[in-house]
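Chain by chain, the residues run as shown.
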Amino acid sequence: MPEVKVRQLHGRRIPSPGVKVKNPGKIFKRIMDRIMLKYRVRLFIVIICIFAGVLANVQGTLFTKTLIDGYILPMVKSGSRDFMPLLSAMSRVAVFYIIGISATFIHQRLMVDISQGTLKDLRCELFRKMELLPIKYFDTHAHGDIMSVYTNDIDSLRQMISQSLPQFLNSLITIVSVMVSMLILSIPLTVLTIIMVGISFAASKTAIGISGKFFKYQQDSLGNINGFIEEIMTGQKVVKVFCHENEAIEEFRKKNEQLFLSSYNANQYSNILGPINMQLGNLSYVVCAIAGGFLTANGISGLTLGSLASFLTFNKSFNMPVSQISNQLNFCLMAMAGGERIFSLLDEEAERDEGYVNLVNAVRAEDGSLKESEKRTGLWAWKHRHSADGSIDYVELKGDIVLEGVDFSYDGERFVLNDIEMYADQGQKIALVGSTGAGKTTITNLLNRFYDIQDGKIRYDGININKIKKADLRHSLGMVLQDTSLFTGTIMENIRFGRLDATDDEVINAAKLVSADGFIRNLPEGYETVITGNGASLSQGQRQLLSIARAAVADPPVLILDEATSSIDTRTEKIIQEGMDSLMKGRTSFVIAHRLSTVKNADCIMVMENGRIVERGNHEALLKEKGRYYQLYTGLRAM
Amino acid sequence: MEKTYESIPAGLVIRTLGSEVREFKTDSLLTPVFMILEVVMEMIIPYLMASIIDKGVTPGDINHIETTGGLMVVVAVFGLLSGLFGAHFGARASAGLARNLRNRMFENIQSFSFPNLDRYSTAGLVTRLTTDVTNIQNAYQMLLRMFMRAPASIVIAMVMAFSINAGLSTIYLVAVLFLAVFVFTMMRKVTKYFAEVFTKYDDLNESVQENVSGIRVVKAYVREEYETDKFVKAAENICRMFIRAERMIVINMPVMQFTVYACILLISWFGAHMIVQGALSTGELMSLLAYCMNILVSLMMLSFIFVMVSMSTASAKRITEVIMEKPVIVNPAEPVKEVRSGSVSFENVSFSYFGENSGRVLNSINLDIKEGETIGIVGGTGSSKSSLINLISRLYDVTEGSVKVGGVDVRDYDLTVLRNNVAHVLQKNELFSGTILENLRWGRENATEEECREACILACADEFIEKLPQKYETKIEQGGSNLSGGQKQRLCIARALLKKPRILILDDSTSAVDTATDSKIRKGFRDYIPGTTKFIIAQRISSVMDADRIIVMDKGSVSGFASHEELLSSNGIYREVYESQTSGAALSDFDS
């Protein structure tokens, strides 16, 4: 039977033989452990069914012989017309067949549940784990690589669990039972058969080796050409403007020719595996027939003609599973490579949270003290449970944020923030300015603990932020990032992302506050317009408005705006300024912007350079100082 | 726009793919021939095997074993050779088809004009050139190697079975018909299920993608659990759909086994009767039973090809769509080969992106610009600033009226000549992987290093390039990720300057460059390329203030076209923008 390969239609990588996995056995065990944990009984039934299937098959093979030798020939000899014995024999076989068919059906049906269930669990677990990973993980891993774990690696596992493993088991059982039968019939011929299988194995290994080499070339040239395609397609308009079409075509043709050669060779050598195995199997049959004939004719090793005939039947059914086993093994190895990547993601350390101070809604009692409230009151408090005596303190959330002597480095070597001192009083607007790489965004990453500081302290209403539960800390901070990141869903859902229990009216009011209502109403379905692909159909400015609305509906005590209006033109910005101002009113806000109009009315402007704050003060004071801010502001010095 | 390919007729798809495979016609024809040869050899082998047993082993005839064995070796060698040749030609034809499809698509995409490009997403084009082509390559190889082989195998086996005993062989005929009907109706259903589940699967992966790139937002709003719940629900739904589809598929195997076993039993039963009556020999019965497997395995193979091919039709249609796409903007029949002057005039120009009936983004524009003038363009988002200047280098064609460069309608110029004379620095600009020098030479291929340096000095790029460790030989990473936004913009300007154009267009090209450098660049333009007509679109008023004249765009119309001072006194919009950016002291932004 020609080999059947189901190639994946999705994902970037094409599996190729010859992948190296560090510890395939360990990964295999982990996968099996997982399956055993949930599907122990079903897996057990599957194994029994595979056994039953093989046995039924062997019965079928043997039946033709008994049919002729045991029933037809005697009947012909005796001239008997009594078909009853034959009928009863056939009924027995029929029962075997029915068992075999049912076994196949049950095992395949169960395997569907097992493989799909396992994959679903893995997918969900991957996602759950991914959501828990620290930002650092995403900053240090290519997004394409993370994606391919979900697509390619999971796909290769499906292939293994649902097809390769059962087939492997099936082949193994067949091989063992056939081998035992062959050994009983004739030891020398069995040795001969095994030698022939060895040759066939070696031949296919060579072919796999060669094709593996070319598959690697193919992978390389595929990667090469994919990179080129992505680059040119992204810059296609530039190619047009520079009339660079012919150069691009020429370069592409070169790369494409390489891909053609490697792909053609890789496929050619993997295609020949089937014919080689099959014909070497035939050769093995001939060799055994001739050797067996010689043995019987000369009476060596007591081989009879009848047993030679049976032996040859077994020889025939020995070759196919052997060649299949090497195929399946290859698939399993590929799947292990995928498994390795899956588990390495699952083994990543999740974001740690040792905080114990919670954020709660509060009401002020008549004596001025704070009490916890079930409802949203607009007043928040930090619930501080003292571990020593179990007493509970409530501290009002005001939005005082203090950074003291903060040092920070992403890699532990190069410090991007040095000795940062910063005080933000309740309701103040703090602006951070400075050139790219000065460390402005890094500070916001520390406030919400995307990253943890190496030295110094950050206090929030007097509480060290390391003591605050991360989720509650982040709930209290509204972030608007330059990179807007919308999600597939309606506009309504995207804004509501800020606060899940917001009513439609609250969402619309938030949109009105930031002047997003106008353009949303002009969309074909208004608030119910579905946006896809990170809102590709919206302009960058419109996306920024949506992400500001998202922060507005969250109604957090503290706001962090990182270049939140960079793509909104100055006229529109002026229009939404009012909304922004009312949004920031009464809230401590951190604003990063390179646009003057955005930062001018800040209570305090921090000028950053090379990870240090070099100047601070309000607009007028800084202008008077005639320092760095003045230079930036008047454009007197290039940066 | 993205899904229009679904309506492409199958005939067109086949013709399009067919013309790309023409180069490998011989390979494509030889592959099935060799595959059929392999099948023939495969069919002879069981016959020889039976003969070895019946006439050699059972009567103990060593001679017969040796001669038949020798014959079998010959047949096996022929089978091997056919298999090898089939492997070779099949691989070459399908890899060749893939290569040609890629070339053809890539070449056609290069001929696309901007309106064509707007119809496709970058990701859509990349998928077509990569995954879709790979799907077609695999399906075509499968088709070549198996499509003839499987039916041939069925036909040969049937013919042989019928020649042995027509009566008994009708059992096969019935079985084959039964299986064929069963397999194909089921496959139709299953393919539909799978098409459904794969769309959902794509959506699921899309949501993973969104979470990966939007992880900061997810974490900032503490929505990890919310997103996980959403994902788990979707994943469970998909799991159910997969299970439903695969449960259908697994009926296949038991049904096939049932048919095989039923055939064996029926043939044995009736065969036994016939043998006893003397109408059939035992050897013949054995052969009949041997062909049973052949027929049914081939049938399964066919159904598999059917699935594979139908799964790749979407790919084939997407590819065809790109190949058949005709560029909207092409060279005129007798193109003007020289741009004599850098003057530009818009005469009654109206423009809409999607033809006459869609919304106008430009309305009856009339402008006259002399050679060497510096023109600033300001206006809010969506006021059609870019749309206006895109017409000059014919990135889009006007819907009404005409745009003239040097007194000649731009539609009469040779496109290359026009675009080499009108250097356009796009808003969304790209650098390509390679050295800085290589990137600069996109402007002019044979520019000397000295010329490149001059252009860079003018664009104020030289100052940072000289600070790089390898200066002009510094490698730029894909997408220019190792340069800052301002550095990239300056390089893009230098690249455009190397064209030595008559007209230079900067579309918000210095937005990330600090104010001082920005003004230095503009001063350089005034001093060193006074004869070049310059268009500068900017958000910052300071970038256009010193232009000779400034166009104020508002909702697709020109609201004002005069010098800075005149506009300040006469144009409300301009004054508003100006005031929003100034505070009496000075005009500036911070470098980002």
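All of these numbers come straight from a predicted model, not from anything done at the bench.

Topic: the overall build of chain A
A count of helical and extended segments in chain A gives 19 helices and 16 strands. The C-alpha radius of gyration computed for chain A amounts to 36 Å, which surpasses the reference 26 Å derived for 639 residues by more than 25%, pointing to a less compact arrangement than a globule. C-alpha extents for chain A along the principal axes are approximately 120 × 70 × 50 Å. Among the 639 residues that make up chain A, the fraction classed as buried is 54%. Here the contacts in chain A between residues at least 6 apart in sequence split such that 71% fall between residues at least 24 apart. When the accessible surface of chain A is split by element, carbon and sulfur atoms take 56% of a total near 27,600 Å². Distance between charge centroids for chain A: 8 Å, based on 70 positive and 67 negative side chains.

Focus on the packing of aromatic side chains
Tallying each qualifying case throughout the model produces 24 aromatic pairs over all chains. An angle of 80 degrees between the planes, with centres 4.8 Å apart, marks the rings of A:F408 and A:Y410 as edge-to-face. Here A:F408 falls in the buried class, since its relative accessible area comes to 2%. The class for A:Y410 is partly exposed, based on a relative accessible area of 29%. One aromatic cluster is present, formed by A:F487, A:F497, B:Y221 and B:Y226 through successive ring pairs. One residue, B:R223, lies across the ring of A:F497, its end atom 5.9 Å from the ring centre.

Focus: helix α6 (residues 149-164) of chain B
When the terminal C-alpha atoms of α6(B) are compared, their 22 Å separation across 16 residues agrees well with the 22 Å that a helix rising 1.5 Å per residue should span. Here α6(B) has its buried residues at B:R149, B:A150, B:A152, B:S153, B:I154, B:A157, B:M158 and B:A161.

Focus: the interface of chain A and chain B
Contact residues are listed per partner, giving 163 residues for chain A and 157 residues for chain B. At the boundary of chain A with chain B, total buried surface from both sides reaches about 14,700 Å², with 68% on carbon and sulfur atoms. Summed over the shared surface of chain A and chain B, the number is six salt bridges. A:R253 serves as the salt-bridge partner of B:E107, at 2.8 Å between the closest nitrogen and oxygen.

Description of the nonpolar core
Formed by 150 residues in total, the largest nonpolar core has its most connected members in A:Y460 and A:I495. Residue contributions to this core peak at twelve residues, all from helix α7 (residues 166-213) of chain B. Setting aside its immediate chain neighbours within four residues, A:Y460 contacts A:W382, A:L397, A:G399, A:D400, A:I401, A:I465, A:I468, A:L473, A:S476, A:L477 and A:V558. Counting residues in each nonpolar core, the second largest holds 126 residues, with A:I225, B:V344, B:I365 and B:L431 among its members.

Quick notes on the sheet that holds strand β1 (residues 344-351) of chain B
Residues and elements named next belong to chain B. Overall, antiparallel pairing links the four strands, which are arranged β2-β1-β4-β5 in an open sheet. Each edge of the open sheet carries a strand with a single partner, namely β2 (362-369) and β5 (408-409). Where β1 and β2 come together, five bridges link them in antiparallel fashion. If you follow V344 over to β2, its bridge partner there is I369.

Quick word on helix α9 (residues 224-276) of chain B
The end-to-end C-alpha distance of α9(B) is 77 Å, a good match for the 78 Å that 53 residues give at a rise of 1.5 Å each. Positive backbone phi, at 85 degrees, marks B:G278, one or two positions downstream of α9(B).

Regarding a negative patch on the surface
All names here are of chain B. On the surface, E438, E449, E450, E454 and E473 cluster together into a negatively charged patch. Looking at the negative patch element by element, the count peaks at three residues for helix α14 (residues 449-458). Considering the arrangement of structural elements, one finds E450 in helix α14. E450 sits in the partly exposed class, given a relative accessible area of 46%.

Concerning the pairing of strand β7 (residues 429-433) of chain A
Residue and element names in this part refer to chain A. Burial analysis of β7 places five of its five residues in the buried class, the great majority of the element. Neither face of β7 is exposed, since K429, A431 and V433 on one face and I430 and L432 on the opposite face are all buried. One ladder, built from four bridges, connects β7 with strand β15 (residues 604-609); its direction is parallel. Across the sheet, residue I430 finds its bridge partner in β15, namely C604.

Notes on the sheet that holds strand β9 (residues 463-464) of chain A
Residue and element names in this part refer to chain A. The four strands lie next to each other as β6-β5-β8-β9, forming an open sheet whose pairing is antiparallel. Every interior strand has two partners, whereas the edge strands, β6 (415-424) and β9, have only one. Inspection of the sheet shows strand β5 (residues 401-409) paired to strand β8 (residues 455-460) by five bridges, in the antiparallel sense. Pairing of V402 across the sheet is with R459, part of β8.

Notes on the packing of helix α5 (residues 187-234) of chain A against helix α7 (residues 245-271) of chain A
Residue and element names in this part refer to chain A. At a closest axis distance of 8 Å, the pairing of α5 and α7 adopts a crossing angle of 155 degrees. Classified by the interaxial angle, the pair formed by α5 and α7 is roughly antiparallel. For the pair α5 and α7, the crossing hand works out as left-handed. Within the contact of α5 with α7, the residues separate by chemical class into 15 nonpolar, eleven polar and two charged.

Quick look at a nonpolar patch on the surface
Together, A:V41, A:I45, A:F105, A:I106 and B:I251 make up an exposed nonpolar region whose accessible area comes to about 380 Å². Sorting the residues of the nonpolar patch by element identifies α1 (24-78) and α2 (84-132) of chain A as the ones contributing at least two each. Tracing the chain through its elements places A:I45 in helix α1. The partly exposed category is assigned to A:I45, whose relative accessible area is 34%.

A short note on the domain arrangement of chain B
Looking at the assigned domains, one finds that chain B contains domain 1 (5-324) and domain 2 (344-582). Taken over C-alpha atoms, the centre of domain 1 of chain B sits 55 Å from the centre of domain 2 of chain B.

Here we look at the confidence of the model for chain B
All names here are of chain B. When the pLDDT values of chain B are averaged, the result is 81; 95% of them are 70 or greater. Per-element confidence in chain B ranges from a low mean pLDDT of 76 for helix α20 (residues 572-581) to a high of 88 for helix α3 (residues 62-111). Note that pLDDT drops below 50 for residues 583-592; the model gives that stretch 42 contacts with residues more than four away or on any other chain. Taken together, the chains of this predicted complex give a pTM of 0.74 and an interface ipTM of 0.80.

Comments concerning unusual backbone geometry
Residues and elements named next belong to chain A. Phi is positive for D419, close to 45 degrees, though the residue is something other than glycine. Of note, D419 is situated in strand β6. Classification of D419 as partly exposed rests on a relative accessible area of 48%. Notably, R449 is not glycine yet its phi reads approximately 60 degrees, a positive angle. Looking at the element boundaries, R449 is found in the loop between α10 (440-447) and β8.

Describing the environment of B:V558
All names here are of chain B. Position of V558 relative to the elements: it lies in strand β12 (residues 557-562). Classification of V558 by relative accessible area gives partly exposed; the value is 30%. Remark: the alpha-carbon pair of V558 and L367, spanning 191 residues in sequence, is separated by 9.0 Å. Setting aside chain neighbours within four positions, we find V558 in contact with I365, L367, I551, V552 and M553.

What to know about the environment of A:I35
All names here are of chain A. With respect to the element layout, I35 can be found in helix α1. Residues I35 and S115, spaced 80 residues apart in sequence, show a C-alpha to C-alpha distance of 8.5 Å. Setting aside its immediate chain neighbours within four residues, I35 contacts R40, L43, I114, T118 and I161.

How each quantity is defined
- Residues numbered from 1 in each chain as written.
- Chains lettered and ligands numbered in written order.
- Predicted model: local features only at pLDDT ≥ 70, side-chain atom pairs only at ≥ 80, totals over all residues.
- Heavy atoms only, no water.
- Helix = DSSP H or I, 4+ residues; strand = E, 2+ residues; numbered from the N terminus.
- Rg over C-alpha atoms; globule rule 2.2 N^0.38 Å.
- Buried < 20%, exposed > 50% of the residue type's maximum accessible area, 1.4 Å probe, protein only.
- Contact = heavy atoms within 4.5 Å.
- Areas by Shrake-Rupley, 256 points an atom, 1.4 Å probe, with all protein chains shown as cover.
- Lys, Arg positive; Asp, Glu negative; His and termini not counted.
- Charge placed at Lys NZ, Arg CZ, Asp CG, Glu CD.
- Phe/Tyr/Trp six-rings, centres within 6.5 Å; stacked < 30°, edge-to-face > 60°.
- Lys NZ or Arg CZ within 6 Å of the ring centre and 35° of its normal.
- Expected span 1.5 Å × (residues − 1).
- Buried area = accessible area lost by both parts, 1.4 Å probe.
- Salt bridge = Lys/Arg side-chain N within 4 Å of Asp/Glu carboxyl O.
- Core = buried A, V, L, I, M, F, W, Y, C linked by side-chain atoms within 4.5 Å.
- Pairing = 2+ DSSP bridges.
- Patch = residues over 30% accessible without salt bridge, like charges linked within 9 Å, V, L, I, M, F, W, Y side chains within 5 Å.
- Axes fitted to C-alpha atoms, helices over the stretch in contact; angles between N-to-C directions.
- Parallel < 35°, antiparallel > 145°, perpendicular 65-115°, else oblique.
- Left-handed = near helix turned anticlockwise from the far one by under 90°.
- Nonpolar A, V, L, I, M, F, W, Y, C, P; charged D, E, K, R; others polar.
- Domains from an automatic or database assignment.
- pLDDT = per-residue confidence, 0-100.

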